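# Structural characterization, general
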Amino acid sequence: YEDIKAIAPDEAYLRGMDKIGYRYPRGESYFDILARLDPLVHELESYHEPLLLVSHQAVLRLLYCYLLDVPRSRAPKIDIPLHTVMKITYDGWNLPKEERFVIGPDPKDAP
């Protein structure tokens with residue numbers, strides 16, 4: 001986001017004022033993503049077998065919030081690490097359980 005601050009300071013300021021509602025030019029906000037995800041989430045609820053979801057970080061943040069009952073206002077700050085499988089086990093009755101498996105280079109080793 002430092003690049004955005006340098007290139008488009010007005011956009012960076014607006015995003016800082018409302019991270020969940022801000023829409024980049026020709027982009028979408030977290031609220032836009034929520035509207036797109038609504039039918040998917042209803043469908044996910046009907047599955048009884050394991051699922052693998054691969055997506056962009058903003059989408060994964062919102063799904064993470066939903067599955068772990070985290071307020072969506074926290075979504076922009078949820079850490080979704082690269083090169084990591086996040087396994088969330090949820091049966092509808094018990095609290096969700098999260099496990100993380102690093103499958104790529106360790107982010108701590110990055111330059």
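The preceding data block contains the structure.
Along each chain, the written sequence defines residue order, and numbers are assigned to residues from 1. Side-chain atom pairs in this predicted model are given and counted only at pLDDT of 80 or more, local residue features only at pLDDT of at least 70, and totals for whole chains, interfaces and linings cover all residues. Side-chain numbers come from the whole structure's heavy atoms, not from hydrogens or water.

## So, the overall build of the chain
Along its length, the chain carries four helices and two strands. Where helices and strands are cited, they refer to DSSP runs of H or I of at least four residues and of E of at least two residues respectively, numbered from the N terminus. Along its sequence from the N terminus, the chain presents helices and strands in the succession α-α-α-α-β-β. Looking at the 111 residues of the chain, the share that counts as buried comes to 22%. In the chain, of all internal contacts separated by at least 6 residues, the share reaching a separation of at least 24 is 25%. Each accessible area value is a Shrake-Rupley result obtained with a 1.4 Å probe; residue values ignore everything except the protein chains displayed when judging cover. Carbon and sulfur atoms make up 57% of the accessible area of the chain, which totals about 8,800 Å². Think of it this way: Lys and Arg go in the positive column, Asp and Glu in the negative one, and His and the chain ends go nowhere. Charge placement uses NZ in Lys and CZ in Arg. For Asp and Glu, CG and CD serve respectively. Across the chain, the centroid of the 14 positively charged side chains sits 4 Å from that of the 18 negatively charged ones. When accessible area is computed with a 1.4 Å probe and restricted to protein chains, residues below 20% of their type maximum are described as buried, those above 50% as exposed, and intermediate ones as partly exposed. Residues count as neighbours in contact if any of their non-hydrogen atoms are within 4.5 Å of one another.

## Quick notes on the packing of helix 3 (residues 30–46) against helix 4 (residues 57–67)
Helix axes are fitted only over the stretch in contact, all axes being lines through C-alpha atoms; the angle between N-to-C directions runs from 0 to 180 degrees. For the pair helix 3 and helix 4, the least separation of the axes is 10 Å and the interaxial angle reads 55 degrees. Taken together, the axis directions place helix 3 and helix 4 in an arrangement best described as oblique. Two packed elements cross with a definite hand, and for helix 3 against helix 4 that hand is right-handed. The residues of helix 4 that touch helix 3, namely those facing Tyr-30, Ile-33, Leu-34, Arg-36, Leu-37, Val-41, Leu-44 and Glu-45, are Ala-58, Val-59, Arg-61, Leu-62, Leu-63 and Tyr-66. Of the residues that constitute the contact of helix 3 with helix 4, the class distribution is eleven nonpolar, no polar and three charged. If an angle is under 35 degrees, it is roughly parallel; if it is over 145, roughly antiparallel; if it lies from 65 to 115, roughly perpendicular; otherwise it is oblique. Each crossing gets its handedness from the near helix: less than a right angle anticlockwise from the far helix is left-handed, clockwise is right-handed. Gly is placed with the polar residues, together with every amino acid not listed as nonpolar (Ala, Val, Leu, Ile, Met, Phe, Trp, Tyr, Cys and Pro) or charged (Asp, Glu, Lys and Arg).

## A short note on the side chain of Ser-29
When you line up the elements, Ser-29 lands in the loop between helix 2 (9–17) and helix 3. Of the polar contacts made by the side chain of Ser-29, one reaches the backbone nitrogen of Phe-31; its length is 3.2 Å. Once you skip the residues sitting within four places of it in the chain, Ser-29 turns out to touch Ile-20, Gly-21, Tyr-22 and Arg-23. Here a polar contact is taken to be a pair of N or O atoms separated by no more than 3.5 Å, where protein atoms must pair a possible hydrogen donor with a possible acceptor and residues adjacent in sequence count only if both atoms sit in side chains.

## A closer look at the side chain of Arg-15
If you trace the backbone, Arg-15 turns up in helix 2. When a carboxyl oxygen of Asp or Glu is within 4 Å of a side-chain nitrogen of Lys or Arg, the pair counts as a salt bridge. Of the buried charged residues, Arg-15 lacks a salt bridge, with Glu-2 as the closest side chain of opposite charge at 9.1 Å. Polar contacts involving the side chain of Arg-15 include one to the side chain of Tyr-24, which spans 3.2 Å.

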